[in-house]
Amino acid sequence: RFIAGWSFKEKNYVMLRLDRVKTIEIGKEFVGFCEILNGFNERRKHMWGVATGSKNTRLTSVEIVFSFDESMNYLADRIKREKRCGEVFETGINELTFRAEVYDAREMLPWVRTYIGNIVRIKTSNNELERMLLENLKAMQGFYEDKIGE
C-alpha cells in the first residue's frame, strides 16, 4: 500500500510505502493544498501504478488489441474493470482495443501478461516495453518446452 504526498524539497509528487512510514507530524495548514491536489488528480489519469512522473516526464502511448471467442465474453468485462487508466472500446466482433498514455508502462507488464493468449497486437511508443514483453514470452516458451520434453 502506498500513500501519495508532496515533496516540498523536490517540488513533486511522491508515493510512499505505508510500511516505511515511521512517524507523522501535524504541521501548519498548507494554503496551496487544493492546487497540489488538483495537479495530482490530473497526473492520476496517466498513472498505472505508483510512477507519478514529473513535469519533464514523457508519457508512453500504449495500444493493445485483444481478441477472444464468444465463450470468453467475461474477458471484456474483466479488461474494462481491471484497467487503471486509459480507455477500452470494441473494435470488432469479439475484439477490444485498450489505449492509454502512462508515465511508466513497465508497471503494466503483470496485467498484460495475464492476457497473453488473447493479445493480437501491442503498439507502444516505448521500445523497451516491447522488448521486455518479447523476452517474457521467450522465457515462458522455454519453460513450457522444457516441461513438454520431460
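These remarks concern the structure in this document. (Residues numbered from 1 in each chain as written. Predicted model: local features only at pLDDT ≥ 70, side-chain atom pairs only at ≥ 80, totals over all residues. Heavy atoms only, no water.)

### Thoughts on the pattern of salt bridges
Two side chains with opposite charge may pair up if their charged atoms get near one another.
Then step 1. For the structure shown, the criterion picks out 7 salt bridges.
Then step 2. A salt bridge links Arg78 to Glu82, with the shortest nitrogen-to-oxygen separation between them at 3.0 Å. One end of the pair, Arg78, and the other, Glu82, are both in helix H2 (residues 74–82), 4 residues apart, so they sit about a helical turn from each other.
Then step 3. Relative accessible area serves as the criterion here: at 21%, Arg78 is assigned to the partly exposed category.
Then step 4. In this structure Glu82 comes out as partly exposed when scored by relative accessible area, which is 28%.
Then step 5. One salt bridge connects Glu128 with Arg106, and the closest N-O pair in it is separated by 4.0 Å. Here Arg106 lies in the loop between strand E5 (95–102) and helix H3 (109–113) and Glu128 lies in helix H4 (residues 127–149), a separation of 22 residues in the sequence.
Then step 6. Glu128 gets classed as partly exposed once you look at its relative accessible area, which sits at 33%.
Then step 7. One salt-bridge network, held together by shared partners, links Asp104, Arg106 and Glu128. (Salt bridge = Lys/Arg side-chain N within 4 Å of Asp/Glu carboxyl O. Helix = DSSP H or I, 4+ residues; strand = E, 2+ residues; numbered from the N terminus. Buried < 20%, exposed > 50% of the residue type's maximum accessible area, 1.4 Å probe, protein only.)

### Considering the environment of Leu96
Then step 1. Following the sequence through the fold, Leu96 ends up in strand E5.
Then step 2. Sequence separation between Leu96 and Ser67 is 29 residues; the distance between their C-alpha atoms is 6.5 Å.
Then step 3. Discounting chain neighbours no more than four positions away, the residues touching Leu96 are Ile64, Val65, Phe66, Phe68, Ala76, Ile79, Lys80, Val88, Phe89, Glu90 and Thr91. (Contact = heavy atoms within 4.5 Å.)

### What about the packing of aromatic side chains?
Then step 1. Under the definition given, this model contains 9 aromatic pairs.
Then step 2. Measuring from ring centre to ring centre gives 6.1 Å for Phe66 and Trp111, while their planes differ by 75 degrees; the resulting arrangement is edge-to-face. Taken together, the residues span a long stretch of sequence, with Phe66 in strand E3 (residues 60–67) and Trp111 in helix H3 at a distance of 45 residues.
Then step 3. For Phe66, a relative accessible area of 0% corresponds to the buried category.
Then step 4. In this structure Trp111 comes out as buried when scored by relative accessible area, which is 9%. (Phe/Tyr/Trp six-rings, centres within 6.5 Å; stacked < 30°, edge-to-face > 60°.)

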